[in-house]
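If you want the building blocks of each chain, they are given just below.
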Amino acid sequence: MEPVEIIEDGVLLRPWREADAEAVHRACQDPDIQRWTTVPRPYRPEHAHGFVTAMSRKSWAEGTGAPFAVCDPSTGELLGSCGLISIDEDGTGEVGYWTAPWARGRGVMVRATRAVARWSFDSLGLRRLIWQAEVGNHASRLVALRAGFRVDGRLRLANPASPGSADGWIGSLVPGEVPPAGSTGPAGAGTLVARRAAVFGRPQPVLFASTEVGELRLRPMEEQDLDAVVQTCQDPETIRWTTVPDPYARADAQGYQAYSRDAWARGDAACFVIADPDDSYAGTIDLRLSPADPLLADVGFLTAPNARGRGYMTAALLALSAWGFTALGLARVEWKANVGNDASRRVAEKAGFSFEGTARGGVQHRGERADAWVAALLAGDLR
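Parameters and conventions
Note that residues are indexed from 1 along each chain, following the sequence as it is written. Only residues with pLDDT of at least 70 get local features here, since the model is predicted, and only at 80 or more are side-chain atom pairs given and counted; chain-wide, interface and lining totals rely on the full set of residues. To obtain the side-chain values, all non-hydrogen atoms of the structure were included, while hydrogens and water were left out. Helix and strand definitions follow DSSP, with helices as H or I runs of at least four residues and strands as E runs of at least two, each counted in order from the N terminus. Classification of residues uses two cut-offs on accessible area relative to the type maximum, computed with a 1.4 Å probe and protein chains only: under 20% is buried, over 50% is exposed, and between them is partly exposed. Should any heavy atoms of two residues lie within 4.5 Å, those residues are counted as being in contact. We get accessible surface area from the Shrake-Rupley algorithm with a probe of 1.4 Å; when it comes to residues, only the shown protein chains can shield them. As used throughout, the charge tally considers Lys and Arg to be positive and Asp and Glu to be negative, leaving His and the chain termini uncounted. To locate a charge, take atom NZ for lysine, CZ for arginine, CG for aspartate or CD for glutamate. Axes here mean lines fitted to C-alpha atoms, for a helix over just the part in contact, with angles spanning 0 to 180 degrees between N-to-C directions. Roughly parallel here means an angle under 35 degrees, roughly antiparallel means over 145, roughly perpendicular means 65 to 115, and every remaining angle is called oblique. Working rule for handedness: look at the near helix, and if it is turned counterclockwise from the far one by less than a right angle, call the crossing left-handed; if clockwise, right-handed. Amino acids are sorted into nonpolar (Ala, Val, Leu, Ile, Met, Phe, Trp, Tyr, Cys and Pro), charged (Asp, Glu, Lys and Arg) and polar (every other residue, Gly among them). A pair of strands is considered paired only if DSSP assigns at least 2 bridges between the two. Any pair of nitrogen or oxygen atoms within 3.5 Å is treated as a polar contact; in protein, a donor-acceptor pairing is required on top of that, and neighbouring residues in sequence qualify only through side-chain atoms on both sides. Ring pairs shown here join Phe, Tyr and Trp side chains whose ring centres sit within 6.5 Å, with only the six-membered ring taken for Trp; geometry is labelled stacked below 30 degrees between planes, edge-to-face above 60, and tilted in between. Counting as a charge over the ring demands two things of the Lys NZ or Arg CZ atom: a distance within 6 Å of the ring centre and an angle within 35 degrees of the ring normal.

Asker: Can you walk me through the overall build of the chain in this structure?
Answerer: When helices and strands are tallied, the chain shows eleven helices and 16 strands. Summarising its shape, the C-alpha atoms of the chain cover approximately 70 × 40 × 40 Å along the three principal directions. Relative to its full complement of 383 residues, the chain shows a buried share of 49%. For the chain, restricting intrachain contacts to residue pairs at least 6 apart in sequence, the fraction spanning at least 24 positions comes to 62%. Element-wise, carbon and sulfur atoms account for 50% of the exposed surface of the chain, whose accessible area totals about 18,300 Å². Where the 41 positive side-chain charges of the chain centre and where its 47 negative ones centre are 2 Å apart.

Here is the structure:
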């Protein structure tokens, strides 16, 4: 396959040149490129030279790939890398890319990926493109979505980066689905997705909530919290009203901690420990995004026995809901609890949730369907 040049939508895609090695070496010192791609670590000048010469030329010559340098068409400045990292006999190609740190925030890789996709379908006659990335790489996922890929699957990675997740996202694109130049992408790739990619692509934040006895911190779970989590989840009231395992062991707390990290990486939920003014464990609270309605989330919480009756959970619930509305763009936060769980209902109502009624058989509880109270807080309620 003969190398080609593509100029489209303000970017130049051309074959790699030996003179690009210095810029590639500089770009690949970037922590994000080293974290999310398979470049060697440490990345040395000989790695860059081998990439732009032998590896690139071999892919074109053998027809197994089509790697492009992404450049500014006016200045020639290197902006990133984009191309087909593999081409299969069944007409499937896989797209791979990275953006140089000095070129981020300009939509470069979205435009380059669309250009590669159009060329792959129109000139190579490919029938499908796929994209893969480690779960948690929200920046790459956002590029794929805006380039037209439908990202609706996960897979186990054969060679995951270390440290990192062994799970990956996978997306696909077929002819006729590449968005036109200048568009924001298909439905679901606009402002809301971009906002959440920015939130979940960073470390989980610490939130603050004020009470009469001092300031609370909502933070990720730490090793020091595990024993208190076990004690709380062995409490009879916790077992009665929640779905925590019974009996509850330290391994269960460790499993919840791992779930919390994974849920944040996936962008599915934000799980926080509530730390009192002395930084002691006072409870946990989760905000879980609905897979069916992007503007809806539900909350779940439990309070440590020695922290009950102090208003901690009401303050935490209000702070977390406000964060969900402002940071994640939610329209509605929903609360459910088994009928009879008066303590949980008081917390929700004090935080401003409006009681909406009883859902018969509304929740699954220890092998049975149970009636549930339902209340909700809307973004406008806080104003």
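Asker: I would appreciate a short explanation of the packing of helix α7 (residues 226-233) against helix α9 (residues 250-266) in the present structure.
Answerer: Packing of α7 against α9 leaves a shortest axis separation of 9 Å and a crossing angle of 115°. Relative to α9, α7 is oriented roughly perpendicular. α9 is crossed by α7, and the crossing has right-handed handedness. Touching Leu-226, Asp-227, Val-229 and Val-230 of α7 are Arg-250, Ala-253, Gln-254 and Gln-257, all from α9. Considered class by class, the residues forming the contact of α7 with α9 number four nonpolar, two polar and two charged.

Asker: Help me understand the sheet that holds strand β8 (residues 167-173), please; the structure alone is not making it clear to me.
Answerer: In a beta sheet, neighbouring strands are held together by backbone hydrogen bonds and run either parallel or antiparallel to one another. If you walk across this open sheet you meet the eight strands as β1-β2-β3-β4-β5-β6-β8-β7, and the pairing is mixed. The open sheet terminates on both sides in strands that have one partner only, identified here as β1 (6-8) and β7 (150-156). When strand polarity is set aside, the average angle formed by the axes of neighbouring strands in this sheet is 25°. Sheet analysis places strand β4 (residues 78-87) next to strand β5 (residues 92-99), joined by seven bridges and oriented antiparallel. Across the sheet, the residue bridging to Ser-81 is Trp-98, located in β5. Contacts from helix α3 (residues 45-62) reach β3 (66-71) and β4 within the one sheet, and its direction differs from that of β3 by about 130°.

Asker: Sorry, what's going on with the pairing of β4 here?
Answerer: Within β4, eight of the ten residues are buried, which leaves the element mostly enclosed by the surrounding structure. Here six bridges tie β3 to β4, and the two strands are oriented antiparallel to one another. Residue pairing in the sheet places Phe-68 in a bridge with Cys-82 of β4.

Asker: Before we go on, may I ask you to explain the side chain of Asp-20 in this structure?
Answerer: Along the chain, the position of Asp-20 falls in the loop between β2 (11-14) and α1 (21-27). Within polar-contact distance, the side chain of Asp-20 engages the backbone nitrogen of Arg-17 at 2.8 Å. Discounting chain neighbours no more than four positions away, the residues touching Asp-20 are Arg-14, Val-52 and Ala-69.

Asker: Explain the packing of aromatic side chains here, please?
Answerer: Describing an aromatic ring pair means giving the distance of the ring centres and the angle of the ring planes. The full count for this structure, using the stated rule, is nine aromatic pairs. Measuring from ring centre to ring centre gives 6.2 Å for Trp-264 and Trp-323, while their planes differ by 25°; the resulting arrangement is stacked. Remark: Trp-323 occurs in helix α10 (residues 312-328) and Trp-264 occurs in helix α9; sequence separation between them is 59 residues. No difference in accessibility class separates Trp-264 from Trp-323, as the two residues are buried. Taken together, Phe-200, Trp-264, Phe-272 and Trp-323 form an aromatic cluster joined through their ring pairs. Here the guanidinium or amino end of Arg-26 rests over the ring plane of Trp-102, the centre of that ring lying 4.1 Å away. One cation-aromatic arrangement involves Arg-141 over Trp-169; the distance from NZ or CZ to the ring centre is 5.1 Å.

Asker: What should I look at first to understand the sheet that holds strand β10 (residues 214-219) in this one?
Answerer: Strand order in the open sheet formed by eight strands is β9-β10-β11-β12-β13-β14-β16-β15, and the pairing between neighbours is mixed. The outermost strands of the open sheet, each flanked by one partner alone, are β9 (207-211) and β15 (354-365). Geometrically, the sheet is characterised by an average inter-axis angle of 30° between neighbouring strands, direction not taken into account. Strand direction decides the pairing type here: strand β11 (residues 269-275) and strand β12 (residues 281-289), joined by seven bridges, are antiparallel. If you follow Ile-274 over to β12, its bridge partner there is Gly-283. Of the strands in this sheet, β11 and β12 are in contact with α9, which crosses β11 at around 130°.

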